[in-house]
Amino acid sequence: MSAETRNYTLKVWRQSGSSAKGEIKTYEMKNVSVGASFLEMFDQLNEQLLANGEDPVAFDHDCREGICGMCSMYINGRPHGPDTGITTCQLHMRTFPDGETIYVEPWRAKPFPVIKDLTVDRGAFDRIIQAGGYVSVNTGNAQDANEILIPKAIADEAMDAAACIGCGACVAACKNASAMLFVSAKVSQLAVLPQGKSESSRRAQNMLAQMDSEGFGACTNTGACSSECPKEISLTHIARLNREYLRNRFTLNDVEEFQPIKKPDYLDFGV
Amino acid sequence: MSWLSTTLTSSIGRKIVMALTGLFLCTFLIVHLVGNFQLLAGDGGVKFNLYAKFMTTFPLVKALSYGLYAGFALHIIQGLMLIQSNKAARGANNYAYSKPEANSSWTSRSMGLLGMIILLFFVGHMAQFWGQMHFGTMPMVTIDGIEHKDLFKLVSEAFKQPLFVGLYVLSMVALGFHLWHGFQSAFQTLGLNHQKYSPFVEKAGYGFAVVVPIGYAIIPIIMFLS
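Just so it is clear, the structure is predicted and the values come from calculations on it, not from any experiment.

What counts as what
Starting afresh in each chain, residues are numbered from 1 along the sequence in its written order. Think of it this way: whatever chain is written first is A, whatever ligand is written first is 1, and the rest follow in order. Note on the predicted model: pLDDT of at least 70 is required for a residue's local features to be given, and 80 or more for side-chain atom pairs to be given and counted; whole-chain, interface and lining totals, by contrast, use all residues. Heavy atoms throughout the structure, all of them, feed into the side-chain values; hydrogens and water do not. Strand pairing follows a simple DSSP-based rule, namely that at least 2 bridges must link the two strands. Think of it this way: any DSSP run of H or I at least four residues long counts as a helix, any run of E at least two long counts as a strand, and we number them from the N terminus. We call two residues contacting when some pair of their heavy atoms lies within 4.5 Å. Comment: axis = line fitted to C-alpha atoms, over the contacting stretch for helices; angle = value between 0 and 180 degrees taken between N-to-C directions. Where each domain begins and ends follows an automated or database-derived domain assignment. One side-chain nitrogen of Lys or Arg within 4 Å of one carboxyl oxygen of Asp or Glu is enough to make a salt bridge. In protein, a polar contact means a hydrogen-donor-capable atom and an acceptor-capable atom, both N or O and within 3.5 Å, with residues adjacent in sequence counting only if both atoms are side-chain atoms; elsewhere, any N or O pair within 3.5 Å suffices. The residue classification treats Ala, Val, Leu, Ile, Met, Phe, Trp, Tyr, Cys and Pro as nonpolar and Asp, Glu, Lys and Arg as charged. All others, Gly included, are polar. Each residue's exposure class comes from its accessible area (1.4 Å probe, protein chains only) as a fraction of the maximum for that residue type: buried when under 20%, exposed when over 50%, partly exposed otherwise. The buried area of a pairing is the accessible area, by a 1.4 Å probe, that goes missing from both parts when the two are put together, added over both.

S.K.: Can you lay out the sheet that holds strand β4 (residues 78-79) of chain A for me, pointing to particular residues and giving the numbers?
M.R.: All names here are of chain A. Spatially, five strands are ordered β2-β1-β5-β3-β4 in an open sheet, and the strand pairing comes out mixed. With partners counted over all chains shown, the strands left at the sheet margins are β2 (23-33) and β4, one partner each. Across nine bridges, the pairing between strand β1 (residues 5-14) and β2 is antiparallel. Bridge pairing in β2 places Trp-13 opposite Ile-24. Seen against the sheet, helix α1 (residues 38-51) touches β1, β2, β3 (74-75) and β5 (101-105) and runs at an angle of roughly 105 degrees to β2.

Below, the structure is given as structure tokens:
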């Protein structure tokens with residue numbers, strides 16, 4: 001018994017390097033298994049390209065089970081494709097009817113420069129985390145898990161925010177290329193827990209200052225980010241970020257401003 | 001820069017300016033609408049002209065009007081700047097194929113466009129009535145032995161022309177869509193999100209976005225038809 005296969009026309013963004021001019025190129029795909037994931041279909045495309053002596057398409061991927069946040073394709077006008085609550089690696093070809101033309105583009109945002117083809121530099125997210133998305137932990141033995149009591153509802157709220165895998169779909173979906181949903185999730189997961197209190201007086205302001213310096217846009221509350229988020233992070237976290245930011249700015253007894261972290265030279269891909 | 005100006009020029013700060021000025025302008029919409037309803041008093045404009053005189057001469061109202069001009073200016077200038085910087089954040093290449101209708105409402109994505117339509121209306125409206133009233137030559141009318149500027153005549157003449165009535169009503173439609181997203185969005189921006197109150201704010205916003213523009217639009221329509 002052979003599995004059902006389908007044929008597709010792919011329109012893929014090809015860009016040889018960060019400073020090169022890119023273009024959409026068309027590829028015909030034959031005999032793609034309906035059980036293949038979108039990334040497996042790209043593996044098949046790359047084998048085809050290699051066999052023809054062409055340059056394979058560069059794309060990010062790692063765990064291929066929807067938890068690492070590496071895959072980042074803008075498929076048919078939507079980040080991670082037409083399904084909701086999943087990443088590109090969890091998207092299967094059975095979603096696409098036979099003979100469909102599929103557009104595949106990289107995340108488009110000024111702070112996410114293309115490195116090659118569909119691969120973008122998401123280092124801006126790492127620097128936002130570096131600016132305040134952490135907790136200070138004392139060295140020594142781990143304390144007993146039940147020493148700090150956290151009500152279930154609050155633990156759930158923190159966990160919902162912590163589900164963010166930092167893939168950048170929110171930025172890709174947002175008409176303003178804003179990173180507010182990402183930043184809000186990373187602020188929220190710590191803001192609601194006692195462990196996050198030590199840095200909470202300046203966490204939101206520092207992370208926002210970093211977000212702004214990276215060149216992300218502002219929030220228009222369209223909700224596109226949350227709709228496209230593979231982890232379905234809620235917009236309520238953005239409201240919390242706004243509150244935390246205002247609290248930081250108007251109550252922190254310190255006027256010294258956070259100095260945004262510069263992009264390290266060794267991460268300069270010639271952009 | 002001082003800590004305050006750094007706060008107000010950050011991405012959240014700029015949105016907070018938009019939210020606060022937007023809600024402030026919503027209160028103005030109510031006051032202005034209540035005043036406009038006097039156009040329909042059927043007294044040949046006596047009440048309306050006396051009201052117009054009061055609004056342009058009473059010192060407290062005059063003082064408040066400067067706050068209103070500032071609110072308009074901040075909302076417009078900040079809005080235009082946000083359109084520009086948000087567009088720039090996308091980068092040099094935009095998507096060849098995008099499907100935003102799959103994840104967000106048209107009104108939420110079109111706040112800039114709707115705002116521009118309202119701005120065009122606002123400029124015309126100010127030139128036609130406000131500018132005329134303050135700096136132009138006005139027809140005069142005598143009420144109780146005192147001469148008053150006859151703003152009622154200016155307005156009722158304008159609303160005899162189908163073009164003005166049409167443009168006015170269209171602008172109110174744009175205002176309605178702008179408020180549909182803007183009202184609740186302002187609360188979200190201010191961090192005022194709560195499981196108990198947000199559904200109420202949302203419904204109140206939708207109600208406001210429908211009732212207020214209809215209230216405005218119905219006046220020229222009635223004046224045109226009568």
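S.K.: So, the environment of Tyr103(A): which residues are in play, and what are the values?
M.R.: Within the secondary structure layout, Tyr103(A) lies in strand β5. Along the sequence, Tyr103(A) and Thr236(A) sit 133 residues apart, while their C-alpha atoms lie 32 Å from each other. What Tyr103(A) contacts, discounting residues up to four positions off in sequence, is Lys11(A), Ile24(A), Tyr74(A), Ile75(A), Asn76(A) and Tyr97(B).

S.K.: Describe in detail the domain arrangement of chain A, supporting the description with residues and values.
M.R.: Note: interface size is frequently given as the accessible area lost on complex formation between the parts. Residues and elements named next belong to chain A. For chain A, the assigned domains are domain 1 (5-115) and domain 2 (123-268). The C-alpha centroid of domain 2 is placed 29 Å from the C-alpha centroid of domain 1. With 20 residues of domain 1 at the interface, the matching set in domain 2 holds 21 residues. Joining domain 1 to domain 2, the criterion identifies one salt bridge. Put simply, Glu-228 and Arg-78 hold a salt bridge, and the shortest N to O gap is 2.8 Å. Joining domain 1 to domain 2, the criterion identifies three residue pairs in polar contact (both at pLDDT 80 or more). Class assignment for the residues of the side of domain 1 that touches domain 2 results in 11 nonpolar, seven polar and two charged.

S.K.: Could you give an account of unusual backbone geometry, naming the residues involved and the relevant values?
M.R.: Residues and elements named next belong to chain A. Notably, Arg-64 is not glycine yet its phi reads approximately 60 degrees, a positive angle. Following the sequence through the fold, Arg-64 ends up in the loop between α1 and β3. With a phi close to 45 degrees, Ala-177 is a non-glycine residue in the positive phi region. Classification of Ala-177 as buried rests on a relative accessible area of 0%.

S.K.: Account for the side chain of Ser104(B), with residues named and values stated.
M.R.: Structurally, the position occupied by Ser104(B) is in the loop between α4 (59-88) and α5 (106-109). Side chain to side chain, Ser104(B) and Asn103(B) meet in a polar contact 3.0 Å long. When neighbours within four sequence positions are excluded, Ser104(B) is seen to be in contact with Thr222(A), Ala224(A) and Arg109(B).

S.K.: Before we move on, can you summarise helix α7 (residues 151-158) of chain B with the specific residues and values?
M.R.: Residues and elements named next belong to chain B. Extensive coverage of α7 is indicated by the burial of six of its eight residues. Looking at α7, one finds that the buried residues are Leu-151, Phe-152, Leu-154, Val-155, Ser-156 and Ala-158. Here the buried face of α7 lies against α3 (46-57), α6 (111-135), β2 (146-149), α8 (162-189) and α9 (198-225).

S.K.: So what about the interface of chain B and chain A? Which residues, and what values?
M.R.: At the interface, 36 residues of chain B touch 50 residues of chain A. Together chain B and chain A conceal approximately 3500 Å² of surface at their shared face, both sides included; 56% is due to carbon and sulfur atoms. Our count for the contact surface shared by chain B and chain A stands at 27 residue pairs in polar contact (both at pLDDT 80 or more). If you list the elements that add at least two residues to the side of chain B that touches chain A, you get α1 (3-9), α2 (11-36), α4, α5 and α8 of chain B. Broken down by class, the residue content of the side of chain B that touches chain A amounts to 13 nonpolar, 19 polar and four charged.

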